[in-house]
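If you want the building blocks of each chain, they are given just below.
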Amino acid sequence: MNWQKPSLGDLFSFMRFDTKKTTKTPKNVSPFFFAGTWQYHDPNTNREHELEILPNYDVYLDGKLLKTVVERLDDYRITFIDRFGYHLIIKANDYRPISVYDEANNETYAIINSKKEE
């Protein structure tokens, strides 16, 4: 009979330590998270703008419909692309949208007020 000393791996093989990293599966983002009426100030024109996002992702800027499509959507960002190819990116924290990036003007604006209806 051949006696061998078992290794620690053999002794604890039932525990199945896995060294592979697990990837986080993105959760479904509710269309209501980004929906609402958001206001921001443009310091270049010294004007307040109103950005409205509907649950169907229609976008209105100062009451005018922008022809956009959703290019990307995740927990903290929604990226629209307009008919001219410019991006409009809304960034959020865990609670609400916090900034608007307008590629056409190459400017990022902080959202200063919301009229989000719960």
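Rules used in this analysis
Residues numbered from 1 in each chain as written. Predicted model: local features only at pLDDT ≥ 70, side-chain atom pairs only at ≥ 80, totals over all residues. Heavy atoms only, no water. Helix = DSSP H or I, 4+ residues; strand = E, 2+ residues; numbered from the N terminus. Buried < 20%, exposed > 50% of the residue type's maximum accessible area, 1.4 Å probe, protein only. Areas by Shrake-Rupley, 256 points an atom, 1.4 Å probe, with all protein chains shown as cover. Salt bridge = Lys/Arg side-chain N within 4 Å of Asp/Glu carboxyl O. Core = buried A, V, L, I, M, F, W, Y, C linked by side-chain atoms within 4.5 Å. Contact = heavy atoms within 4.5 Å. Pairing = 2+ DSSP bridges. Axes fitted to C-alpha atoms, helices over the stretch in contact; angles between N-to-C directions. pLDDT = per-residue confidence, 0-100.

1. A short note on the overall build of the protein chain
No. 1: Looking only at helices and strands, the protein chain has two helices and nine strands in total.
No. 2: From first element to last, N terminus to C terminus, the protein chain shows the α and β order α-α-β-β-β-β-β-β-β-β-β.
No. 3: Taken over 118 residues, the protein chain has a buried fraction of 25%.
No. 4: A total of about 9,300 Å² of accessible surface is found on the protein chain, and carbon and sulfur atoms cover 52% of it.

2. What to know about the pattern of salt bridges
No. 1: Scanning the model with the defined rule gives two salt bridges in all.
No. 2: Among the ionic pairs, Arg-47 bridges to Asp-62, the shortest N-O distance being 3.7 Å. Of this pair, Arg-47 sits in strand β2 (residues 47-53) while Asp-62 is found in the loop between β3 (59-61) and β4 (64-66), placing the two residues 15 residues apart along the sequence.
No. 3: Overall, the relative accessible area of 44% leaves Arg-47 in the partly exposed class.
No. 4: Between Asp-74 and Arg-72 there is a salt bridge; the shortest N-O distance is 2.9 Å.

3. Topic: the nonpolar core
Across soluble globular proteins, nonpolar side chains show a tendency to be buried alongside one another.
No. 1: Core analysis: the largest hydrophobic core is formed by 17 residues, its most contacted members being Phe-34, Leu-51, Phe-80, Leu-88, Ile-90 and Val-100.
No. 2: Of all the secondary structure elements, the ones that give two or more residues to this core are α2 (31-34), β1 (36-42), β2, β6 (77-82), β7 (87-92) and β9 (107-114).
No. 3: Among the elements that take part in this core, β7 stands out by supplying three residues, more than any other.
No. 4: Contact partners of Leu-51, with chain neighbours within four places excluded, come to Gly-36, Thr-37, Trp-38, Tyr-40, Val-59, Tyr-60, Leu-61, Leu-88, Ile-90 and Val-100.

4. Examining unusual backbone geometry
No. 1: The backbone of Asp-62 shows a phi angle near 50°, a positive value even though the residue is not glycine.
No. 2: Given a relative accessible area of 33%, Asp-62 falls into the partly exposed group.
No. 3: Phi at Asn-106 is positive, roughly 50°, even though this residue is not glycine.
No. 4: Mapping Asn-106 onto the fold places it in the loop between β8 (97-102) and β9.

5. Section: the pairing of strand β5 (residues 68-74)
No. 1: Relative to β6, β5 runs antiparallel, the two being bridged by six bridges. Directly across from Asp-74, in β6, lies its bridge partner Arg-77.

6. What about the sheet that holds β4?
Two pairing modes exist for strands in a sheet, parallel and antiparallel, and in both the strands are linked by backbone hydrogen bonds.
No. 1: Sheet architecture is open: nine strands sit in the order β4-β3-β2-β1-β9-β8-β7-β6-β5, paired in antiparallel fashion. The sheet is open, and its two edges are formed by β4 and β5, each paired on a single side. Taking the axes of each pair of neighbouring strands and ignoring which way they run, one obtains an average angle of 30° across the sheet.

7. Structural notes on the confidence of the model for the protein chain
No. 1: Across the protein chain, pLDDT averages 81, with 74% of residues at or above 70.
No. 2: With pLDDT under 50 throughout, residues 11-26 is counted as low confidence; its partners more than four residues away or in other chains account for one contact.

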